[in-house]
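Inside the fold
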Amino acid sequence: MDILPESPARLDVDNISVAYNGTPVLRDITFQIPHGARVAVVGPNGAGKSTLFKALVGLLPLSSGKIFIHNLPLGHHLDCVAYLPQREEVDWHFPVTVRDVVLMGRFGHQKWLQRSGRVDREIAMNSLQQMGISDMADHAISELSGGQQQRVFLARALAQEPHIFLMDEPFTGVDSTTQEATLVLLDHLRQKKVTVLISTHDLNLASSRFDAVLLLNHTLIAFGDPLSVFTPENLTKAFGPQMLKLPDGMVLVDDCCPPEESSDRKGKIN
Amino acid sequence: MVRGLLASVMVGILCAVMGTYVVLRGMAFLGDAMAHAILPGVAIAYLLHGNLLIGAMIAAVIIALSIGFFSKGGTVKEDTAIGILFAAALSLGVALISSIQTYAVDLSHILFGNVLGVSVSDLWLTAGLGLVVLASVALFYKQFMVISFDPILAATLRLPAELLRNLMLVLLAMTVVVSLQTVGVGLAAAMLITPAATSYLLTRRLWPMMLVSATIGAVSSLVGLYLSYYLNIVSGSAIVLTATAIFLLVFLFHPHRGLLWKKR
């Protein structure tokens, strides 16, 4: 797939820098992603992958630079970005059913006082069916297993009918059923020409199933199709001492230091 | 007496509805602090011959914003900030009130309610403020739900989360002020927490939780008031004890969730 944009890029990131708690995490990142591209965001832990996603959604302010979606700056009502964080920071004991959660995804399409109508409910139901959890629609979310909870939030993101879909490590620590469901979802999104950005540690997946790879380590090291990005030079720049080049040309990358377990991981059972 | 009854039921419903958010967002201590912080507001208004309810409103809003101010940045935990300001406000209030001759009676009315002293204008004010709070809850239902359940989605949907949270605190302040007359500041927290906590055990969704909570609030106020009349005890305490009794019944005997039910 040709990743050079011919028409205005759907996502245009222009020389952005982002700081987290005063510490600079991302510096001078520039890239354009066209309609419907499926991009893997790759880099060692602490490279700023999550930070990039948070900045794209508006959760973190930019120290400098600009972000444009459909050629309009962030915050314009035409934004339609769905974001799935690595760990949902929701209140698992909140009195909501699966259906309620998915319907929340429709709020962006409704006016301030508008209630969810028949169309919204249909879309929500379709999303639930697509993720294979429509039979759990009227269950409280606290009653679900970890994998089912993940699929509820995927369904909600689908119901948002987004133009851009951001997923922060959706394949890390989930059961294989959910992994498969996620991959099927990605194919469905491609049909709908939804731009997808996924951060992952699975470099094989990144090179085989994605149109382009964004290699990060605080700065943008490389962006392009997997073959041109995954070169020993680029990988060394990104992974540094975690990488070992063997005599026969094979390259070993160690995924050291998994992210810290958050102390408030309540409600998730596998 | 009828005015007292109407006021109590209105307050019961109002506290129960706002109480839904208090219970779900873990704002019990904050709610209690706001209620007690009203004391200096009322005392100052009394000494200045001003309107007591306005003095109470100002004090409640000041304490809510002060808690936010002291706990911002994380040096002082919100829990600690609430504790400090709560005690300070209460002491200031008692100090000011003790300077008044009739302080013992006035203090007990402010702390525990004076349902028989509800005038017609008080009733109108209660109804008016109550309506404003309930209307706001209805208007901002979706938004309050999202910021309480999923702050990240709130950011993605570009909801003004900070503004909404402050609005919720102001509504809470109004609710507490309105409760002054029927249950008093000492027990307003109970009316915010107990009916909603009971309702949480009985329901699975937010909207039913609010409705059931409001019903329990109204019933506790009604029954409690009659009990206080016949047993000749302070109305506020009777209402709170009734609400607590209902909570215990549900906690112990609710099918599937009740403690004693599970041990059958």
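1. Details of the overall build of chain B
When helices and strands are tallied, chain B shows 13 helices and zero strands. Helices (α) and strands (β) of chain B occur, in sequence order from the N terminus, as α-α-α-α-α-α-α-α-α-α-α-α-α. Its C-alpha radius of gyration of 18 Å places chain B within 12% of the 18 Å reference for a compact globule of 264 residues. Looking at the 264 residues of chain B, the share that counts as buried comes to 48%.

2. Side note on the domain arrangement of chain A
Residue and element names in this part refer to chain A. Taken domain by domain, chain A comprises domain 1 (1-80 + 163-181 + 194-261) and domain 2 (92-161). Every contact between the two is made by seven residues of domain 1 and, on the other side, nine residues of domain 2. Ranked by residues supplied to the side of domain 1 that touches domain 2, first place goes to helix 5 (residues 176-191) with three residues. Taken together, the residues that form the side of domain 1 that touches domain 2 break down as four nonpolar, two polar and one charged.

3. A few points about the interface of chain B and chain A
Listed per partner, the contact involves 20 residues of chain B and 20 residues of chain A. Residue contributions to the side of chain B that touches chain A peak at five residues, all from helix 8 (residues 151-156) of chain B. Per-class residue counts for the side of chain B that touches chain A are 12 nonpolar, three polar and five charged.

4. Quick word on the sheet that holds strand 4 (residues 62-69) of chain A
All names here are of chain A. The sheet built from four strands is open, its strands ordered 2-1-4-5 with antiparallel pairing. Unpaired on one side and paired on the other, strand 2 (23-33) and strand 5 (72-73) mark the two borders of the sheet. Pairing geometry for strand 4 and strand 5, over two bridges, is antiparallel. If you follow F68 over to strand 5, its bridge partner there is P73. Each of strand 1 (11-20), strand 2 and strand 4 is contacted by helix 1 (residues 49-57), which is oriented at about 115° to strand 1, the strand it contacts most.

5. Section: the packing of helix 1 (residues 2-24) of chain B against helix 11 (residues 206-231) of chain B
Residue and element names in this part refer to chain B. Axis separation between helix 1 and helix 11 bottoms out at 7 Å; the angle between their running directions is 150°. Classified by the angle their axes make, helix 1 and helix 11 are roughly antiparallel. Like other packed secondary-structure pairs, helix 1 and helix 11 cross with a definite hand, here right-handed. Along its contact with helix 1, which presents G4, L5, S8, V9, V11, G12, I13, C15, A16, V17, G19 and T20, the element helix 11 presents M209, M210, S213, A214, I216, G217, A218, S220, S221, L222 and L225. Class assignment of the residues belonging to the contact of helix 1 with helix 11 gives a composition of 14 nonpolar, nine polar and no charged.

6. A word on the pairing of strand 7 (residues 164-168) of chain A
On any regular strand, side chains alternate: one points to one face of the sheet, the next to the other face. Residues and elements named next belong to chain A. Extensive coverage of strand 7 is indicated by the burial of five of its five residues. Burial along strand 7 is two-sided: I164, L166 and D168 facing one way and F165 and M167 facing the other are all buried. The pairing of strand 6 (residues 81-84) with strand 7 spans four bridges and is parallel. By the bridge assignment for strand 7, Y83 is matched with L166. Sheet topology places strand 7 next to strand 8 (residues 195-199); five bridges connect them, and they run parallel.

7. Examining the pairing of strand 4 of chain A
Pairing of strand 1 of chain A with strand 4 of chain A, which is carried by six bridges, proceeds in the antiparallel orientation. Bridge assignment links S17(A) to a residue of strand 4 of chain A, and that residue is S64(A).

8. Regarding the packing of helix 3 (residues 52-71) of chain B against helix 4 (residues 78-97) of chain B
Two quantities define a packed helix pair, namely the angle between the helix axes and the distance between the axes. Residues and elements named next belong to chain B. Taken N-terminus to C-terminus, the directions of helix 3 and helix 4 make an angle of 140°; their axes are 9 Å apart at the nearest point. Relative to helix 4, helix 3 is oriented oblique. When the axes of helix 3 and helix 4 are compared, the crossing they make is right-handed. In contact with I63, S66, I67, F70 and S71 of helix 3, helix 4 contributes E78, A81, I82, L85 and A89. Residues belonging to the contact of helix 3 with helix 4 are distributed by class as follows: seven nonpolar, two polar and one charged.

9. Describing the nonpolar core
Counting residues in each nonpolar core, the largest one holds 160 residues, and the members touching the most others are L166(A), M34(B), A37(B), I38(B), A60(B), A173(B) and V177(B). The dominant element in this core, judged by the number of residues it contributes, is helix 1 of chain B, at 13 residues. The residue makeup of this core includes at least three contributed by each of domain 1 (1-80 + 163-181 + 194-261) and domain 2 (92-161) of chain A.

10. Concerning the environment of L201(B)
With respect to the helices and strands, the residue L201(B) is situated in helix 10 (residues 184-202). Between the C-alpha atom of L201(B) and that of G258(B), which follows or precedes it by 57 residues, the distance is 8.7 Å.

11. Quick look at the sheet that holds strand 10 (residues 219-224) of chain A
Residue and element names in this part refer to chain A. Read across the sheet, six strands follow the order 6-7-8-3-9-10 without closing on themselves; strand pairing throughout is mixed. Each of the sheet's edge strands pairs with one partner strand only, and the pair in question is strand 6 and strand 10. Pairs of neighbouring strands in the sheet enclose a mean axial angle of 15°, with direction left out of account. Of the strands in this sheet, strand 3 (38-42), strand 6, strand 7, strand 8 and strand 9 (212-217) are in contact with helix 1, which crosses strand 7 at around 150°.

12. Brief notes about helix 5 of chain A
For an α-helix the count is 3.6 residues per turn, leaving residues at separations of three or four pointing the same way. All names here are of chain A. An ideal rise of 1.5 Å per residue puts 22 Å on 16 residues; helix 5 measures up with 23 Å between its terminal C-alpha atoms. Within helix 5, burial applies to T178, A181 and L185. One side of helix 5 carries all its buried residues, which in axial view fall inside an arc of 60°. Summarising the geometry of helix 5, the exposed residues directed more than 90 degrees from the buried face are S176, E180, D187 and Q191. Two residues or fewer after helix 5 comes K193, characterised by a positive phi angle close to 55°.

13. Describing helix 4 of chain B
All names here are of chain B. Between the first and last C-alpha of helix 4 there are 28 Å, a value that for 20 residues agrees with the 28 Å anticipated at 1.5 Å per step. By the burial criterion, the buried members of helix 4 are A81, I82, L85, F86, A89, L90, G93 and I97. Looking down the long axis of helix 4, one finds its buried residues gathered within 145° of arc, a one-sided arrangement. In helix 4, the exposed positions that point more than 90 degrees away from the buried face belong to T80 and A95.

14. Some details on the environment of L185(A)
Residue and element names in this part refer to chain A. Mapped onto the elements, L185 comes out in helix 5. Under the C-beta neighbour-count criterion, L185 is labelled buried, with 22 such atoms within 10 Å. Between the alpha carbons of L185 and R106 there is a distance of 18 Å; along the sequence they are 79 residues apart.

Calculation rules
Residues numbered from 1 in each chain as written. Chains lettered and ligands numbered in written order. Predicted model: local features only at pLDDT ≥ 70, side-chain atom pairs only at ≥ 80, totals over all residues. Helix = DSSP H or I, 4+ residues; strand = E, 2+ residues; numbered from the N terminus. Rg over C-alpha atoms; globule rule 2.2 N^0.38 Å. Buried ≥ 20, exposed ≤ 12 C-beta atoms within 10 Å, placed from the backbone. Domains from an automatic or database assignment. Contact = placed C-beta atoms within 7 Å. Nonpolar A, V, L, I, M, F, W, Y, C, P; charged D, E, K, R; others polar. Pairing = 2+ DSSP bridges. Axes fitted to C-alpha atoms, helices over the stretch in contact; angles between N-to-C directions. Parallel < 35°, antiparallel > 145°, perpendicular 65-115°, else oblique. Left-handed = near helix turned anticlockwise from the far one by under 90°. Core = buried A, V, L, I, M, F, W, Y, C linked by C-beta atoms within 7 Å. Expected span 1.5 Å × (residues − 1). Arc of directions from axis to C-beta.

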